[in-house]
Amino acid sequence: MKYYSTNKQAPTVDLQEAVVKGLAGDKGLYMPESIQLLPDAFFENMADESFPDINFAVANAFFGEDVDTETLRTIVDETLNFATPVVKVSDAIYALELFHGPTLAFKDVGARFMARLLNYFVRKQGLDKVNVLVATSGDTGSAVANGFLGVEGIQVYVLYPKGKVSAIQECQFTTLGQNITALEIDGTFDDCQALVKSAFMDKELNEKMKLTSANSINVARFLPQAIYYFHAYAQLRKQGVKNDIVFCVPSGNFGNITAGLVAQRMGLPVKRFIAANNKNDIFLQYLLTGYYNPKPSVQTLANAMDVGDPSNFARILDLYNHNHEAITQNISGFSCDDASIRETVKACYEATGYLLDPHGACGYLALLEKLQPNETGVFLETAHPAKFKDTMEAIIKKGVEIPERLQAFMKGEKQSIQLSKDFFAFKNFLTANK
Ligand SMILES: *Cc1c(COP(=O)(O)O)cnc(C)c1O
């Protein structure tokens, strides 16, 4: 499969190059040249198929031409070896829980898949060791660090702002050791991101080391996320639901929802999508006006969605040939503030006993307000509420237990290397460690 850039000014590349480069030379995002339509029978029989078979069928449609069958099976089996249950929350509304992986958030799936795919290319092509640089304000760092932990041929550097990530988050990427190095930067998240960007642009550094990124612009992280929409459909079919399904996706950089749009292109019977946002409502404004107007992000309780210029917007435009009307026909928008997030968490918990996290709460509220009669709504529960323990406890006035997996991280010993935000110090550090 060839991948083209959404900016159409860079040459098409093969999968390996798209994965190793991340971003195209013209700063566009890579897209597969074709999206394979799966046969009707596949969907008709989905309730009876095993998840490993579904995973393979979807991954094979994307990567089957470029990765041998046995390896691809192993990759999906190792990536998706945790539950993705669909749980009924209230009348006609279900949660697709994507938080049963190692760091209790949906980014685990893409990070793990990308690590294994990169390892495959490193081995197959005899590439030099690949160095993954990732700047994090918290959650991306933990998913990437855990996804890549112990994967041969890849060294990961996680850059995070000193004193600005939560204790739980910090443990998740500083206690791992092995091929994961945590760099505690004396600066802000933006400083961390600037260091990563400068590293990618530094010619000398790129000649010495193979550098790549691991955010949702990478096709190896974004495409595999299509798989769990099939999991939701398989489980709904088992319960007799097969029509008028609406997916509601709490969105920040819009990688998750774009993967859902790709699943729909593959034939998955989805009626329509809702993109649920917090106060950062750039996408909703685009739907309403036709103008895309990025803004600095504002801080909210659903902080993984505090994005003012969603990077995957370019992919959505590309999927619909920049046709605003076509986009609005399939996707509606929604925005809510922190007060509504609090109210929704509290009301849902009191009425149903289901504890939403702040991101899932945006999705649930969007469905409460936008779902039409005869439709079945599925919102993606993107993180475990215990990741936001203090926020949750303040809302429901009850203790929230931290799952054992998170507690285990907190027992580990923190190891990090302190660096200033100076690029030359960072560059020297990287080259000395090569
Ligand atoms: C990253 C993240 C999101 C947003 O996902 P995008 O793919 O960036 O739209 C939503 N919820 C949680 C918990 C996340 O970590």
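Before reading further, recall that the structure is shown in the block above.
Residues numbered from 1 in each chain as written. Predicted model: local features only at pLDDT ≥ 70, side-chain atom pairs only at ≥ 80, totals over all residues. Heavy atoms only, no water.

S.K.: When you look at the packing of aromatic side chains in this model, what are you seeing that I'm missing?
M.R.: The relation between two aromatic rings is expressed through the spacing of the ring centres and the mutual angle of the planes. This structure, assessed with the given rule, holds 20 aromatic pairs. With centroids separated by 6.2 Å and ring planes inclined at 75 degrees, the aromatic side chains of phenylalanine 283 and phenylalanine 313 adopt a geometry described as edge-to-face. A residue pair is termed long-range when its members are at least 10 positions apart, and phenylalanine 283 in helix H13 (residues 282-289) and phenylalanine 313 in helix H14 (residues 313-319) qualify at 30 residues. Taking relative accessible area as the criterion, phenylalanine 283 reaches 2% and is therefore assigned buried. Among the aromatic residues, ring-to-ring pairing joins Phe254, Phe283, Tyr286, Tyr292 and Phe313 into one connected group. Positioned over the ring face of phenylalanine 56 is arginine 73, at 4.7 Å from the centre of the ring. (Phe/Tyr/Trp six-rings, centres within 6.5 Å; stacked < 30°, edge-to-face > 60°. Helix = DSSP H or I, 4+ residues; strand = E, 2+ residues; numbered from the N terminus. Buried < 20%, exposed > 50% of the residue type's maximum accessible area, 1.4 Å probe, protein only. Lys NZ or Arg CZ within 6 Å of the ring centre and 35° of its normal.)

S.K.: Honestly, helix H18 (residues 389-396) in this entry has me stumped. Any pointers?
M.R.: Because an α-helix packs 3.6 residues into every turn, residues spaced three or four apart end up facing the same way. Of the positions making up H18, those classed as buried are Met392, Ile395 and Ile396. Taken end-on, H18 shows its buried residues confined to a sector of 80 degrees, consistent with a single buried face. Contacts made by the buried residues of H18 are with helix H16 (338-352) and helix H17 (358-370). Positive backbone phi, at 55 degrees, marks lysine 397, one or two positions downstream of H18. (Arc of directions from axis to C-beta. Contact = heavy atoms within 4.5 Å.)

S.K.: Can you help me understand the site of the ligand in this one?
M.R.: Of all residues adjacent to the ligand, which total 15 residues, the nearest are Lys107, Gly252, Asn253, Phe254 and Thr382. Glycine 252 is positioned such that a nitrogen or oxygen atom in its backbone is 2.8 Å from an oxygen atom of the ligand. Take asparagine 256: an N or O atom from its main chain is 2.9 Å from an oxygen atom of the ligand. Against a free-state accessible area of 390 Å², the protein chains account for coverage of 97% of the ligand. Considering only residue class, the shell around the ligand consists of 6 nonpolar, 7 polar and 2 charged. (Near = heavy atom within 4 Å. Polar contact = N/O pair within 3.5 Å; in protein donor to acceptor, adjacent residues only side chain to side chain. Areas by Shrake-Rupley, 256 points an atom, 1.4 Å probe, with all protein chains shown as cover. Nonpolar A, V, L, I, M, F, W, Y, C, P; charged D, E, K, R; others polar.)

S.K.: It is not clear to me how the sheet that holds strand S2 (residues 13-14) should be interpreted in this structure. Could you clarify?
M.R.: As a general point, the strands of a sheet are linked pairwise by backbone hydrogen bonds and lie either parallel or antiparallel. One open sheet accounts for 3 strands, arranged S2-S1-S3; its pairing is antiparallel. The open sheet is flanked by S2 and strand S3 (30-32), the only strands paired with a single partner. (Pairing = 2+ DSSP bridges.)

S.K.: Which parts of the structure should I look at to understand the packing of helix H6 (residues 139-148) against helix H7 (residues 167-174)?
M.R.: The angle between the axes and the distance between the axes are what describe a pair of packed helices. For the pair H6 and H7, interaxial distance at closest approach is 8 Å and the crossing angle is 25 degrees. Between H6 and H7, the interaxial angle falls into the category roughly parallel. Crossing hand, H6 versus H7: left-handed. Contacts from Asp139, Gly141, Ser142, Ala145 and Asn146 in H6 reach Gln169, Gln172 and Phe173 in H7. Looking at the contact of H6 with H7, its residues break down into 2 nonpolar, 5 polar and 1 charged. (Axes fitted to C-alpha atoms, helices over the stretch in contact; angles between N-to-C directions. Parallel < 35°, antiparallel > 145°, perpendicular 65-115°, else oblique. Left-handed = near helix turned anticlockwise from the far one by under 90°.)

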